[in-house]
Amino acid sequence: MPRTRTPVVAGWFTGDGDGFRLLGTRCSACSTVFFPREDVHCRNPHCGGGRLTEEPLSSRGHVWSFTDSRYRPPSPYVTDPELSWAACTLIAVELPAERLVVLGQAAPGITVADLTVGMEVRAVPGVLHEDAETTWTTWHWRPTGVEA
Amino acid sequence: MTRDVAVLGAGMHPWGKWGRGFVEYGVRAARAALADAGLEWRDVGSVVGADTVRGGYPGYVAGATFAKALGWQGARVTSVYAACASGAQAIATARAQILAGLADVVLVVGADAAPKGFFRPAGGDRPDDPDWLRFRLLGATNPVYFGLYARRRMAVHGDTLEDFAQVKVKNAALGARNPYARYRKAVTAEEVAVSAVVADPLRLLDICATSDGGAALVLAGMDFARRHGAGDAVRIRAVSTVTPRFPSTVLDLPDIATDSAVAVRPGPETFRESIAREAYEEAGVGPGDLSLAEVYDLSTALELQWYEDLGLCGAGEAVKLLREGATAPGGRIPVNTSGGLASFGEAVPAQAIAQVCELTWQLRGVAGDRQVPDARVGLAANQGLFGHGSAVVAVR
Ligand SMILES: [Zn+2]
């Protein structure tokens, strides 16, 4: 039986392939963007509060910084204890249009050696982990100049 | 009216991995602080505990837990939690009670029995908790954030791995002289360089461990201090407990993203810079007045960041300050004379209190072979998860 594809967190991203986008919200009064999404109150202290509507974020940004996890992270991160741990690369990306930085895992196969601060990356669909019934999906960052 | 409060006593339980409960460490530190103050527990009008989330309910209500363990005597009780800044918030609470005339003598205690390995969030499924989310979605442990900051400094300011290692070498040499430190051995740059990479570019010896430990202070109003014959005691002159200002544009634990600066222009200073500035303003001193500083060196690279955030040098100049030896013993502004977190490992609720213990001993001139000559003004700075800034200025 095929596994169901389920976002690891609801409402944070949408779409497939080139149409993949992170989803934030924007305040109708002050136009501040929020990621992770704020759906109830605008957090700008100078804003009286507007309507918060869903908005896709820019698909491309620049590396603010990067690192990796050389040791297996603790729960609630899900890993298979039977398998040896392979370093996982993480990238913090500055989105110029939204003027915010979003952290994410790098696409599989991307190591710190592939990265420099300032390099262009884009958000791509990714898989966090799979269990018997479910493929848990997430976002990954991939350098635009590096092929899969 | 003076806004000073006197530090009558300072006490610690040595840091380590002792395998016992946090109450024992806290009580031992409290008794040491009371003995140092020349006071009895029954003289204390208020007890403030810095909470440890790893102690179950006794940890969440640390003030009452320590009061019971010392023997119920009716003191006013408070328990505070602000992650790594819990100890500083406990000091701030004690000071506010003293300045408000609610208590003459306040005992501040923090202690922790740390877990093995990485800090992790509390259990359960909590998708509305950013601390839970960063582990669940990204496996982003604390060292991941330290690695991001370190790489960013290398790219923006040209810091090198060798510079980071020199911070560890400096702090380890100081920790070797501190009887309360967990690690009491000198470390060489080569030892740092061959230690395992934890979160690129940082290695095991760049990152602070987690430890058991306890620290306590006995604080009092200046009138009480004079009556007690301690009118010349070390004084706490300022405690800053600020939050960030929107938009906060530096990615910070435990968040997955920063605020957006698209609608509101970011202020001229970062959150960490504001922590120190508020303390300076309240104390009426500036970075040039400091004899020493204790900073929260969760990593070697983060210690360098603090130099700039405290205004000890300009942006990007921390490495220059380090290389000149300005922050080493005998330098213009020795930093982490205690040995820092590099030599202690973090015992969360106790750590900010331990920083003030070191300031107290330095300002009294009793810090032994770690002593900064003629120390007059010290600052301890720290930052707790979820937007808790803290800095304490102590003077002699
Ligand atoms: Zn708004």
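Everything numeric here is computed off the predicted structure, so don't read it as measured data.

## Looking at the interface of chain B and chain A
Reports of interface size often rely on the accessible area that becomes lost once the parts have come together. In this complex, chain B contributes 38 residues to the contact, which on the side of chain A involves 47 residues. Around 3,700 Å² of area is buried between chain B and chain A when both sides are counted, 66% of it from carbon and sulfur atoms. Taken as a group, Arg 136, Leu 137 and Leu 138 of chain B account for 18% of the area that chain B buries against chain A, more than any other trio of residues on that side. Between chain B and chain A we count two salt bridges in total. At the boundary of chain B and chain A, one finds 13 residue pairs in polar contact (both at pLDDT 80 or more).

## Comments concerning the packing of aromatic side chains
Within a pair of aromatic rings, the relevant descriptors are the distance that separates the centres and the angle that separates the planes. Scanning the entire structure with this criterion turns up ten aromatic pairs over all chains. Judged by centre distance (6.2 Å) and plane angle (80°), the ring pair of Tyr 77 of chain A and Trp 85 of chain A falls under edge-to-face. On the basis of relative accessibility, which here comes to 10%, the residue Tyr 77 of chain A falls in the buried class. On the accessibility criterion, Trp 85 of chain A (24% relative accessible area) is partly exposed. Where Trp 15 of chain B meets Phe 344 of chain B, the ring centres are 5.3 Å apart and the plane angle is 80°; that geometry is what we call edge-to-face. Pair noted here: Trp 15 of chain B is in strand β1 (residues 5-16) and Phe 344 of chain B is in helix α13 (residues 340-344), with a separation of 329 residues, a long-range link.

## Topic: the packing of helix α7 (residues 161-175) of chain B against helix α11 (residues 300-309) of chain B
Residue and element names in this part refer to chain B. Packing of α7 against α11 brings their axes to within 8 Å, and their N-to-C directions diverge by 90°. When the axis of α7 is compared with that of α11, the two are roughly perpendicular. Taken together, the residues of α11 that come into contact with α7 (itself represented by Phe 164, Val 167, Lys 168, Lys 170 and Asn 171) are Thr 300, Ala 301, Glu 303, Leu 304 and Tyr 307. Taken together, the residues of the contact of α7 with α11 break down into five nonpolar, two polar and three charged.

## Concerning the environment of Ser 86 of chain B
All names here are of chain B. The topology assignment puts Ser 86 in helix α4 (residues 86-99). Residue Ser 86 is classed as buried on the basis of its relative accessible area of 0%. Taking the C-alpha atoms as reference points, Ser 86 and Ala 276, 190 residues apart in sequence, are found 17 Å from one another. When residues no more than four places from it in sequence are discounted, the contact partners of Ser 86 are Ala 50, Asp 51, Val 80, Tyr 81 and Pro 349. A distance of 2.6 Å separates the side chain of Ser 86 from the backbone oxygen of Ala 83, its partner in a polar contact.

## Looking at the pattern of salt bridges
Enumeration over the complete set of coordinates arrives at 34 salt bridges over all chains. Arg 26 of chain A is the salt-bridge partner of Glu 55 of chain A, the closest N and O atoms lying 2.9 Å from each other. One end of the pair, Glu 55 of chain A, is in strand β5 (residues 52-56); the other, Arg 26 of chain A, is in strand β3 (residues 21-27), with 29 residues separating them in the sequence. Under the relative-accessibility criterion, Glu 55 of chain A is labelled partly exposed at 23%. Between Asp 159 of chain B and Arg 153 of chain B there is a salt bridge, and its shortest N-O distance comes to 2.5 Å. Of the residues examined, Asp 159 of chain B reaches a relative accessible area of 3% and is grouped as buried. Among the ionic contacts, a cluster of salt bridges with common partners joins Arg 245, Glu 269, Arg 277, Glu 278 and Glu 281 of chain B.

## Points about the coordination of the zinc ion
All names here are of chain A. The coordination sphere of the zinc ion contains the protein donors Cys 27 (SG), Cys 30 (SG), Cys 42 (SG) and Cys 47 (SG), at a distance range of 2.3 to 2.4 Å. Note that the zinc ion binds four donor atoms; their angles at the metal cover 104 to 115°, and the shape is tetrahedral. In the primary sequence, the donor residues of the zinc ion line up as C-x2-C-x11-C-x4-C. Here Cys 27 matches Cys 30 in class, with each residue buried.

## A short note on empty space enclosed by the protein
Residue and element names in this part refer to chain B. For the structure on display, the rule yields three cavities of 30 Å³ or more. Of the volumes computed, that of the largest cavity is approximately 90 Å³. Glu 294, Ser 338, Gln 351, Ala 354 and Gln 355 are the residues nearest the centre of the largest cavity, which is lined by 15 residues in total. Examining the composition of the lining of the largest cavity, we find that five residues originate from one element, helix α14 (residues 348-364), more than from any other. Classifying every residue of the lining of the largest cavity by side-chain character gives seven nonpolar, five polar and three charged. In this structure, the second largest cavity spans a volume of roughly 50 Å³. For the lining of the second largest cavity, the leading source of residues is α7, giving three residues. Looking at the lining of the second largest cavity, its residues break down into six nonpolar, three polar and three charged.

Rules of the game
- Residues numbered from 1 in each chain as written.
- Chains lettered and ligands numbered in written order.
- Predicted model: local features only at pLDDT ≥ 70, side-chain atom pairs only at ≥ 80, totals over all residues.
- Heavy atoms only, no water.
- Contact = heavy atoms within 4.5 Å.
- Buried area = accessible area lost by both parts, 1.4 Å probe.
- Salt bridge = Lys/Arg side-chain N within 4 Å of Asp/Glu carboxyl O.
- Polar contact = N/O pair within 3.5 Å; in protein donor to acceptor, adjacent residues only side chain to side chain.
- Phe/Tyr/Trp six-rings, centres within 6.5 Å; stacked < 30°, edge-to-face > 60°.
- Buried < 20%, exposed > 50% of the residue type's maximum accessible area, 1.4 Å probe, protein only.
- Helix = DSSP H or I, 4+ residues; strand = E, 2+ residues; numbered from the N terminus.
- Axes fitted to C-alpha atoms, helices over the stretch in contact; angles between N-to-C directions.
- Parallel < 35°, antiparallel > 145°, perpendicular 65-115°, else oblique.
- Nonpolar A, V, L, I, M, F, W, Y, C, P; charged D, E, K, R; others polar.
- Donors = N, O, S within 2.8 Å, 3.2 Å for Na, K, Ca; no water.
- Tetrahedral: all angles 85-135°; square planar, octahedral: opposite > 155°, others 65-115°.
- 1 Å grid on protein atoms, 1.4 Å probe; cavity = no way out; pocket = protein on both sides within 12 Å on 5 of 7 lines; lining within 4 Å.
- Points joined across faces, edges and corners; volume = space filled by probe spheres on them.

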